[in-house]
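# Structural description and commentary
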Amino acid sequence: MDERAVEDRWLKDNKLLGQLVGVWPNQNRFVKYFARFVIFVVINLTNMAQISRVVMFFSLDTLTDQMPFLVLGFGILIKQYNYVLNEDKLKELLDGIVSDWLIERPKEELDILEMYSKKARALSSFYKISILSSLIMFLLLPTIPPIMDFVVPLNTSRERILIYPSYYFVDEQEYYYPILAHTVLSAIILGCVYVACDLNLVHVVQHACALLAISGYRLKHAMDDVDLYSDTCNDVSVDKAYAKVVRSIHAHKRANEYVRKVDACHVHYFFIAVACVVMVFTVTFIKVTTMELGSRYLTFCMFIVGQLVHVLFLTIMGQFAIDSNEEVFQKICEARWYHGTTKTQTLYLLVLRKCLSPTKLTGGGLIVLNLDSFLQILKASFSYYTVLKSS
């Protein structure tokens, strides 16, 4: 298996979507910069149209109506340019996946790598389906008035709607189709950027978990062939066991370094994303509870579902890393460390000590990403919603 084969087998979707939005490190420079330029222009025009609507028709209702879509528009740029600015770090992480597959390993370790790679692919498929389903529902919103005119006709045609509210300084109904084309393009870009960037996150985190699992497997089985209290035990078998433990510790150190690199590549993005999610959830909850049933109500409900899936995926990645570290701790406890020399047992103690303070994925070094953080984000959003609703 060569580098191309590994990419085609495990990173095919990452590569395809990453090249489409200009965040794949090894793609053609002209195509990469062209994709970034197109996305930058389209999304900034989108953001300007939304800001124009707030400025021209300013009111608290207009601001809260526009806020979720504005945050989403700027969120695209934040998500994309996190990988643009950290391109070298992302390249190192992705190259690490390929190089670890190319290393000659025992079958058991290859099975661990394959298991976590398949898990990453399954999570990626679920995420793609969730985001793209929400995208399709948004794209179908403009079809509601024509369908309703056909099913339940009125004396006059219903007013045509856009995917998201905006203002282009022209008559919206007269230039409806050019405006609609721009909003559709923006929505498609949004879906592609979100999926492309988050697929990379899923794969690098699951690879980090695989490296931790491999180190745990090595630590558990390093002492299988030695028994200090057996008559057949000799210096050669003891030295071999010691060498296996040292090799296992190097694998554990490599795994923690990889987790640290994943965190360094996303640390500021995680913090900004969490702050934006709390703000957006708060505003969206207020809108949903004050709106009447209709197409715009449906839009905000879909928006809540999409953002819930998004923030769940961000936080659950950190939980995966924490769980993998705890599994290493458990593997050490299951190992036959008591059959080793004092020097070997000391090495196990050092790894146990490291497992008590593992490297974690954080938001700005302040918020540890895990399922508890997910609940805290929802709790904070509801708390702010309650305060604003009662004021």
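The chain appears in an unreviewed UniProt entry as Odorant receptor from Xylocopa violacea. Regarding the chain, the UniProt comment filed under Sequence similarities (unreviewed entry) reads as follows: "Belongs to the insect chemoreceptor superfamily. Heteromeric odorant receptor channel (TC 1.A.69) family." Note on the chain: under the UniProt heading Subcellular location (unreviewed entry), the record states "Cell membrane".

Residues annotated by UniProt as "transmembrane region" (unreviewed entry) correspond here to residues 37–60, 66–84, 125–144, 175–196, 267–286 and 298–322. Counting secondary structure, residues 175–196 comes out at 95% helix and 0% strand; the distance between its end C-alpha atoms is 32 Å. The straight-line gap between the two end C-alpha atoms of residues 267–286 is 30 Å; of that span, 100% is helix and 0% is strand.

Time to look at the state of the cysteines. Applying the stated criterion across every chain, the model contains 0 disulfides. No disulfide involves cysteine 209; its sulfur sits 14 Å from that of cysteine 355, the nearest cysteine. A relative accessible area of 1% means that cysteine 209 is categorised as buried. In this model cysteine 265 remains outside any disulfide bridge; the closest cysteine sulfur is found in cysteine 197, 10 Å from its own. Residue cysteine 265 is classed as buried on the basis of its relative accessible area, which comes to 1%.

Moving on to the nonpolar core. Formed by 103 residues in total, the largest nonpolar core has its most connected members in Val204, Val205, Tyr258, Met317, Ile332, Tyr348 and Leu361. Examining the composition of this core, we find that 22 residues originate from one element, helix α8 (residues 176–221), more than from any other. Not counting the four nearest positions on each side in its chain, leucine 361 is found in contact with Val205, Val259, Val262, Asp263, Phe270, Met317, Gly318, Ile367, Val368 and Leu369.

For the rest of this paragraph, the subject is the environment of phenylalanine 320. Secondary-structure assignment places phenylalanine 320 in helix α10 (residues 295–334). According to the relative accessible area criterion, phenylalanine 320 is buried, its value standing at 14%. Along the chain, phenylalanine 320 and glutamine 206 lie 114 residues apart, while their C-alpha atoms are 7.7 Å from each other. Apart from residues lying up to four places away in sequence, phenylalanine 320 is in contact with Lys119, Leu123, Val205, Gln206 and Cys209.

As a further point, take the environment of alanine 208. Locating alanine 208 in the fold gives a position in helix α8. With a relative accessible area of 4%, alanine 208 lands in the buried category. Sequence separation between alanine 208 and leucine 185 is 23 residues; the distance between their C-alpha atoms is 35 Å. In contact with alanine 208, other than residues within four places in its own chain, are Tyr258 and Val259.

Attention now goes to unusual backbone geometry. Excluding glycine, residues mostly carry a negative phi; peptide bonds, for their part, are mostly trans. Even without being glycine, phenylalanine 169 reaches a positive phi, approximately 65°. Within the secondary structure, phenylalanine 169 is located in the loop between α7 (144–151) and α8.

Turning to the pattern of salt bridges, a few remarks are in order. Under the criterion given, the structure shown has 17 salt bridges. The salt bridge partner of aspartate 65 is arginine 53, with a shortest N-O separation of 3.5 Å. Of this pair, aspartate 65 sits in helix α4 (residues 60–85) while arginine 53 is found in helix α3 (residues 29–56), placing the two residues 12 residues apart along the sequence. Residue classification places aspartate 65 among the buried residues on the basis of a relative accessible area of 9%. The partner of glutamate 114 in a salt bridge is lysine 118, with the nearest N and O atoms 3.3 Å apart.

By secondary structure assignment, the location of threonine 62 is in helix α4. Among the polar contacts made by the side chain of threonine 62, one reaches the side chain of serine 59 at a distance of 2.9 Å. If we skip the residues at most four places from it in the chain, threonine 62 touches Arg53, Val54 and Phe57.

Moving on, we come to the packing of α3 against α8. Contact pair α3 / α8: the axes reach a minimum separation of 10 Å and the direction vectors enclose 120°. Between α3 and α8, the interaxial angle falls into the category oblique. Here α3 and α8 pass one another in a crossing that is left-handed. Touching Ile39, Val42, Ile43, Leu45 and Thr46 of α3 are His182, Leu185, Ser186, Ile189 and Val193, all from α8. Considered class by class, the residues forming the contact of α3 with α8 number 7 nonpolar, 3 polar and no charged.

The description of two aromatic rings rests on the distance between their centres and on the angle between their planes. Per the stated rule, a full pass over the model turns up 10 aromatic pairs. A centroid spacing of 6.1 Å and a plane angle of 15° characterise the contact between phenylalanine 126 and phenylalanine 313, whose relative ring orientation is stacked. Note that phenylalanine 126 is positioned in helix α6 (residues 107–139) and phenylalanine 313 in helix α10, a separation of 187 residues in sequence. For phenylalanine 313, a relative accessible area of 7% corresponds to the buried category. Seen from the ring of tyrosine 194, lysine 79 lies directly overhead, with NZ or CZ sitting 4.8 Å from the centre. Sitting over the ring of tyrosine 242, lysine 343 keeps its end group 4.3 Å from the ring centre.

About the criteria used
Residues numbered from 1 in each chain as written. Predicted model: local features only at pLDDT ≥ 70, side-chain atom pairs only at ≥ 80, totals over all residues. Heavy atoms only, no water. UniProt positions renumbered as here; feature names shortened; annotations may be inferred. Helix = DSSP H or I, 4+ residues; strand = E, 2+ residues; numbered from the N terminus. Disulfide = S-S within 2.5 Å. Buried < 20%, exposed > 50% of the residue type's maximum accessible area, 1.4 Å probe, protein only. Core = buried A, V, L, I, M, F, W, Y, C linked by side-chain atoms within 4.5 Å. Contact = heavy atoms within 4.5 Å. Salt bridge = Lys/Arg side-chain N within 4 Å of Asp/Glu carboxyl O. Polar contact = N/O pair within 3.5 Å; in protein donor to acceptor, adjacent residues only side chain to side chain. Axes fitted to C-alpha atoms, helices over the stretch in contact; angles between N-to-C directions. Parallel < 35°, antiparallel > 145°, perpendicular 65-115°, else oblique. Left-handed = near helix turned anticlockwise from the far one by under 90°. Nonpolar A, V, L, I, M, F, W, Y, C, P; charged D, E, K, R; others polar. Phe/Tyr/Trp six-rings, centres within 6.5 Å; stacked < 30°, edge-to-face > 60°. Lys NZ or Arg CZ within 6 Å of the ring centre and 35° of its normal.

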